[in-house]
Amino acid sequence: TKTTQSIIKFKRLHSDEINYYLASKEWEGKAGGYAIQGIAATFINFISGSYSNVVGLPLAELYGALISIGYKFNNDK
């Protein structure tokens, strides 16, 4: 078992920004209520950790874990 931590900080949002985002409906069905790769990216002023973890799957960490257990990537098509 392994975990990956990512820290995201949003700027202080004005009520107009909140209303705009809510009206966009982009937040619907999103874990945490936002999509970092969408409109919400304009509100984020700090990220520490794995961006791909916030999107949904920590790719660099997954790659490292696979390599550490001896997985061989095959480039043959």
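Everything below is about the structure printed above this text.
Just so you know, these numbers come straight off a predicted model, no measurement behind them. (Residues numbered from 1 in each chain as written. Predicted model: local features only at pLDDT ≥ 70, side-chain atom pairs only at ≥ 80, totals over all residues. Heavy atoms only, no water.)

Right, let's get into a nonpolar patch on the surface. The grouping of Tyr63, Ile67, Ile69, Tyr71 and Phe73 at the surface amounts to a nonpolar patch, some 560 Å² of accessible area in total. Along the chain, Ile69 falls in the segment after α3 (59–68). The exposure class of Ile69 is exposed, given its relative accessible area of 68%. (Patch = residues over 30% accessible without salt bridge, like charges linked within 9 Å, V, L, I, M, F, W, Y side chains within 5 Å. Areas by Shrake-Rupley, 256 points an atom, 1.4 Å probe, with all protein chains shown as cover. Salt bridge = Lys/Arg side-chain N within 4 Å of Asp/Glu carboxyl O. Helix = DSSP H or I, 4+ residues; strand = E, 2+ residues; numbered from the N terminus. Buried < 20%, exposed > 50% of the residue type's maximum accessible area, 1.4 Å probe, protein only.)

As enumerated under the stated definition, the model contains one salt bridge in all. One salt bridge connects Lys11 with Glu17, and the closest N-O pair in it is separated by 2.9 Å. For Lys11, a relative accessible area of 31% translates into the label partly exposed.

Mapped onto the secondary structure, Ala60 falls in helix α3. Once the C-alpha coordinates of Ala60 and Asn45 are considered, the two residues, 15 residues apart in sequence, prove to be 22 Å apart.

The next point concerns the packing of aromatic side chains. Enumeration over the complete set of coordinates arrives at four aromatic pairs. An angle of 90° between the planes, with centres 5.0 Å apart, marks the rings of Phe10 and Tyr34 as edge-to-face. With Phe10 in strand β1 (residues 7–10) and Tyr34 in the loop between α1 (15–24) and β2 (44–48), the pair connects residues that are 24 residues apart, well separated along the chain. Assessed through its relative accessible area of 33%, Phe10 is described here as partly exposed. Accessibility expressed as a relative area gives 19% for Tyr34, which makes it buried. The ring of Phe46 is capped by Lys9, whose NZ or CZ atom sits 5.4 Å from the centre of that ring. (Phe/Tyr/Trp six-rings, centres within 6.5 Å; stacked < 30°, edge-to-face > 60°. Lys NZ or Arg CZ within 6 Å of the ring centre and 35° of its normal.)

So, on to the environment of Gln5. By secondary structure assignment, the location of Gln5 is in the segment before β1. When the C-alpha atoms of Gln5 and Phe46 are compared, they prove to be 14 Å apart, with 41 residues separating the residues in sequence. The residues contacting Gln5, other than those within four sequence positions of it, are Ser48, Gly49, Ser50 and Asn53. (Contact = heavy atoms within 4.5 Å.)

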